[in-house]
Every structure is written in structure tokens, then in C-alpha cells.
Amino acid sequence: QVQLVESGGGLVQAGGSLRLSCAASGRTFSTYAVGWFRQAPGKGREFVASISGSGGTTTYADSVKGRFTISRDNAKNTVYLQMNSLKPEDTAVYYCNVVSKSFTTPWGSWGQGTQVTVSS
């Protein structure tokens, strides 16, 4: 089973950018679709974006369309989330996970996540 570790979070001003990384272990990483999710204080975990194993299909939540871009480098066993035009409401702990064929349903174990804080 693939294991994923998130990194790249931090504190940024509104309008700024961050790039998150999701590093995976396992030789069959390219066969897994991977998604990013986030959980803001006092709220449930929500879907942000996902990408197919080949990278050919991407899916985004309406709240991040046009601002976030998901990509992957299977040679490096890594999925990225480029976040531009960040808003205070993007503040959350961000997690990555393997997702089902629906591209929005996580089915693996959750890691520690990486904190993103956007100041106004």
C-alpha cells in the first residue's frame, strides 16, 4: 500500500502563493489517483483537487478552480498542489490521499497534513 507524506505549508499573505508536495512510497505510485483535501478549524474535511495516475485527468472543487493547479511527477513519486491567489478562507490543514475512481473519495490512511495559513 502506498504511503503519502505532505509538506510545503506555511504562512502567506492574501494574494500570495504556495506549493504543496505529497511524497509517496511504493513502486506502483503511478497506478494511483491522488487527491488533496483540507480541513479548516471547526469544519469537516473537504475535497480540493485530484489527479489520475497518468496525470491526464484533473478535478477541482469550485472554490479553488482557476487558482489551484494539481500536477504529478511519477518519476519522483510526488504530487504537487500549486496554490495561487490565496485567500484567508484557504487557511486549513491540507492532506493528500489516494482516491477512488470517482476522484473525490479518499480511501487510504490520513497523514499528518501540512498547515497553510493565509493572513488578510
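Residues numbered from 1 in each chain as written. Predicted model: local features only at pLDDT ≥ 70, side-chain atom pairs only at ≥ 80, totals over all residues. Heavy atoms only, no water.

(A) Quick look at unusual backbone geometry. Of note in the backbone geometry, N77 takes a positive phi value of approximately 50° without being a glycine. We note that F103 has phi near 70°; this positive angle belongs to a residue other than glycine. Mapped onto the elements, F103 comes out in the loop between β9 (92-98) and β10 (114-119). (Helix = DSSP H or I, 4+ residues; strand = E, 2+ residues; numbered from the N terminus.)

(B) Quick peek at the sheet that holds strand β4 (residues 34-39). Taken in spatial order, the six strands of this open sheet run β2-β10-β9-β4-β5-β6, and their pairing is mixed. This sheet does not close on itself; its edge strands, each paired only once, are β2 (10-13) and β6 (58-60). Recorded for the sheet is a direction-independent mean angle of 25° between the axes of neighbouring strands. Two elements, β2 and β10, share four bridges in a ladder whose sense is parallel. Along β10, the bridge assignment pairs L11 with T117. (Pairing = 2+ DSSP bridges. Axes fitted to C-alpha atoms, helices over the stretch in contact; angles between N-to-C directions.)

(C) Summary view of the side chain of N97. Inspection of the secondary structure assignment puts N97 in strand β9. At 3.0 Å, the side chain of N97 forms a polar contact with the backbone nitrogen of G108. With residues up to four places along the chain from it excluded, the contact list for N97 reads L4, A33, V34, G35, F37, P106, W107, G108, S109 and W110. (Polar contact = N/O pair within 3.5 Å; in protein donor to acceptor, adjacent residues only side chain to side chain. Contact = heavy atoms within 4.5 Å.)

(D) Summary view of the pattern of salt bridges. The final tally for this structure, using the stated rule, is four salt bridges. As a salt-bridge pair, D62 and K65 come within 3.2 Å of each other at their nearest N and O atoms. Judged by relative accessible area, which is 64%, D62 ranks as exposed. One network of salt bridges, with partners in common, ties together R38, E46, R67 and D90. (Salt bridge = Lys/Arg side-chain N within 4 Å of Asp/Glu carboxyl O. Buried < 20%, exposed > 50% of the residue type's maximum accessible area, 1.4 Å probe, protein only.)

(E) Structural view of the packing of aromatic side chains. Counting across every chain of the model gives four aromatic pairs. Each ring, one from Y95 and one from W110, has its centre 5.7 Å from the other, and the planes form 75°; the classification is edge-to-face. Of this pair, Y95 sits in strand β9 while W110 sits in the loop between β9 and β10; the two residues are 15 residues apart in sequence, bridging distant segments of the chain. Under the relative-accessibility criterion, W110 is labelled partly exposed at 35%. An aromatic cluster of at least three residues, connected via ring pairs, comprises F37, F47, Y95 and W110. Its guanidinium or amino end placed over the ring of Y95, R45 lies 4.1 Å from that ring's centre, counting from NZ or CZ. (Phe/Tyr/Trp six-rings, centres within 6.5 Å; stacked < 30°, edge-to-face > 60°. Lys NZ or Arg CZ within 6 Å of the ring centre and 35° of its normal.)

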